[in-house]
Every structure is written in C-alpha cells, then in structure tokens.
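Structural overview for review
Single-letter residue listing:
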Amino acid sequence: MSAKQRGKLPIVVLISGGGTNLQSIINSATQDLPVFIRAVISNVEEAFGLQRAAKAGISTIVLQHHAYPDRNAYDEALCQEIDRHEPGLVVLAGFMRILTPAFVARYAGRMINIHPSILPALPGLHTHQRAIDAGLHEHGASVHFVSEEVDGGPIIIQARVPVLATDNADSLAARVLKQEHQIFPQAIRWFAEGRLEISNGQVLLDGQPALNT
Ligand code: GAR
C-alpha cells in the first residue's frame, strides 16, 4: 500500500455511462474525501466514465454483459473482479444493471447506489420525464444502500430540486445531477468515516436517523 492510500477506504466504482458522478468522487478524493478508488468497472465499453477514470490514473475494467450466458454468470464474474480489489465499499454510479440476489447479498451493507428521484418515488428509468409527466413540483436524487428491490434499500441522503414549468427532461436532469454531485461524495464520506449504520431498515448517521423527513 502506498502512502497515498494509507488510512483511506478502498472503493470500487461501477458505471455504465458518462460518469459525471464518478468525476465528482474523483474530484472529492483528490481533495479530502478519505477514499482510494482501486478500480472503475463498466459493463459498457464506450462509457465515457472510463476515460475519466483513465485520465485520473485509475485502473479500468470492461466486463460486457453480452459476453455472458445469463445474469448469474455475469454477476459472478463481476463479483470476482470486484473482490480482486478488496473494496470496503462498492459504489454504483450510474451502473444500469438489475443485480442478482446473490450479488446484492454479497455486498450487503457495503454497496451504495445513486438514483435520480426522491425515493421511494419513481424507481426505474426515465425519472425526469416521468416527474414532469406526473406534474410533480419537486424532484431530486437519493443515495441508498442497495437491497434486492430495484432502486430500493435504506436511504442515506436525498436532495430536492424544484420542477419548473419550463423544464424538459434534460433541463431537469441537469438540475438534479448538480445535486447528485454533492450528495454522493457526502454519503461516501459518512460511510468512510464509519458514521453510518443500518438499524431496522433505516440508516442512522451518528446514531440518529439520517433522513430528516
Ligand atoms: C445518474 O443520474 C444516476 O443517478 C443514474 O444514472 C445517471 C448516471 O449519470 N442512475 C440510475 O438511474 C440508477 N437507477 P453519470 O454517468 O453522469 O454519473
């Protein structure tokens, strides 16, 4: 372990796309976020986030799901790749795959995801357009521990933004993404500092409910 890594939480980040959340983690880690990104893994070869990682000197791995016969085989290969890096935390940063129960169970309590909605509202895809179509006045993003339920699991932190009458999905997504880039490093910081625990399906921060709802 290099001096640069000492005392920092090793993490592995999984992506499928542009990687702006990955970038926010990279940027925070170059400042004072106490994590060391051991590897970035993508299921999509062209994911721009891979270039972001490479530019930051982080190892990148492409594991294309097409190359595997089924979801179980893919997730097993993914586990093997992740475990090689011995992360203390697995970070899903726009990793657009449904995960098998075995995969979720393996990283229970040490895998987090970011999702662009105020969960439990709007799990799944196209959340920005759906928020507009539903006439919601408020939208946002959530960081949560991963459970078997898609975009489910105990919530660590949420951010809210207004939905404006002039919004389209892109303008709303941009407003939400800005918030994602704040709350994801924050959640990772709390985890790295050992300040989070899950109790009765609820996340506690320093022993108190993390969400002030
Ligand atoms: C983010 O908006 C993230 O919340 C979303 O994918 C985008 C990835 O953007 N994740 C999900 O929808 C998970 N269900 P990025 O590649 O620029 O970080």
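For the structure itself, consult the block above.
Below is a short write-up of the structure. (Residues numbered from 1 in each chain as written. Predicted model: local features only at pLDDT ≥ 70, side-chain atom pairs only at ≥ 80, totals over all residues. Heavy atoms only, no water.)

**Some thoughts on the site of the ligand**
Rule in force here: Note on terminology: near, applied to a residue and a molecule or strand, indicates that one of the residue's heavy atoms is within 4 Å of it. What qualifies as a polar contact is a pair of N or O atoms within 3.5 Å, subject to a donor-acceptor requirement within protein and to the restriction that residues adjacent in sequence count only when both atoms come from side chains. What sets the accessible areas is the Shrake-Rupley method with a 1.4 Å probe; for residues, cover comes only from the shown protein chains. Here the term cavity refers to a set of points on a 1 Å grid, laid over the protein atoms alone, in which a 1.4 Å probe fits but cannot get out; the term pocket refers to an open set having protein on both sides within 12 Å along at least five of seven lines, with lining residues being those that place an atom within 4 Å of a point. Think of it this way: a molecule belongs to a cavity or pocket when more than half its atoms come within 2 Å of the grid points there. Starting at the N terminus, helices and strands are each numbered in turn, a helix being any DSSP run of H or I of at least four residues and a strand any DSSP run of E of at least two. As a working rule, the residues Ala, Val, Leu, Ile, Met, Phe, Trp, Tyr, Cys and Pro are called nonpolar, Asp, Glu, Lys and Arg charged, and the rest polar, with Gly in that last group.
As a structural note, the neighbourhood of the ligand is formed by 13 residues, with G19, T20, N21, H115 and E180 the closest of them. Contact distances for the ligand include 3.5 Å between a nitrogen atom and a backbone N or O atom of I114. Here a nitrogen atom of the ligand sits 3.1 Å away from a polar atom, N or O, in the side chain of H115. Computed on the free molecule, the ligand has an accessible area of 450 Å², of which 85% lies beneath the protein chains in the complex. Among the cavities detected, the one that contains the ligand is the largest pocket. Listing elements by their share of the shell around the ligand, those giving two or more residues are α1 (20-30), β5 (111-115) and α6 (169-192). Across the shell around the ligand, the residue classes break down as four nonpolar, seven polar and two charged.

**Here's the deal with the pairing of strand β1 (residues 9-15)**
If a strand is regular, its side chains alternate between the two faces of the sheet. The test is simple: Throughout this description, buried means an accessible area under 20% of the type-specific maximum (1.4 Å probe, protein chains only), exposed means over 50%, and partly exposed covers the range between. The criterion for strand pairing is that DSSP finds at least two bridges linking the strands in question. With the strands pointing away from the viewer, any crossover whose connection runs clockwise from the first strand over the helix to the second is right-handed.
Within β1, seven of the seven residues are buried, which leaves the element mostly enclosed by the surrounding structure. Both β1 and strand β2 (residues 35-42) contribute to a ladder of seven bridges, which runs parallel. Bridge pairing in β2 places L9 opposite V35. Since β1 and β2 lie parallel, the crossover through α1 that links them has a hand, and here it is right-handed. Two elements, β1 and strand β4 (residues 89-92), share four bridges in a ladder whose sense is parallel. When the bridges of β4 are listed, I11 appears paired with L89.

**Looking at the environment of E46**
Within the fold, E46 resides in the loop between β2 and α2 (48-55). A relative accessible area of 62% places E46 in the exposed class. Residues E46 and V62, spaced 16 residues apart in sequence, show a C-alpha to C-alpha distance of 9.3 Å.

**Some details on unusual backbone geometry**
Here the amide bond leading from L119 into P120 is cis, since omega sits at 15°, within 30 degrees of zero. Positionally, P120 belongs in the loop between β5 and α5 (127-133). One non-glycine residue, E86, adopts positive backbone phi at about 45°. Turning to its location among the elements, E86 is positioned in the loop between α3 (71-84) and β4.

**Considering the layout of surface pockets**
Here is the rule we go by: Grid points are joined across faces, edges and corners, and a volume is the space filled by probe spheres set on the points.
If you add up the space inside the largest pocket, you get close to 850 Å³. G94, F95, M96, I114 and P116 are the residues nearest the centre of the largest pocket, which is lined by 35 residues in total. Within the residue set of the lining of the largest pocket, elements represented by two or more residues are α1, β5, α5 and α6. The class makeup of the residues in the lining of the largest pocket is 14 nonpolar, 16 polar and five charged. Considered as a void within the structure, the second largest pocket measures approximately 320 Å³ in volume. Along its surface, the second largest pocket is lined by 13 residues, and K4, F36, I37, A56 and I58 are the ones closest to its centre. Counting only elements with at least two residues in the lining of the second largest pocket, the list comes to α1 and β2. Sorting elements by how many residues they give to the lining of the second largest pocket places β2 first, with four residues.

**Some thoughts on the pattern of salt bridges**
Note the threshold: Whenever Lys or Arg places a side-chain nitrogen within 4 Å of a carboxyl oxygen from Asp or Glu, that contact is recorded as a salt bridge.
Summed over all chains, the structure comprises seven salt bridges. The salt bridge involving D32 is made with R189; its shortest N-O contact spans 3.0 Å. Here the residue D32 occupies a position in the loop between α1 and β2, and R189 occupies one in helix α6, the gap between them amounting to 157 residues. On the basis of relative accessibility, which here comes to 22%, the residue R189 falls in the partly exposed class. Across the pair E193 and R195 runs a salt bridge, and its minimum N-O distance is 3.0 Å. Here E193 falls in the partly exposed class, since its relative accessible area comes to 39%. Given a relative accessible area of 30%, R195 falls into the partly exposed group. By sharing partners, the salt bridges in this structure join E193, R195 and D206 into a single network.

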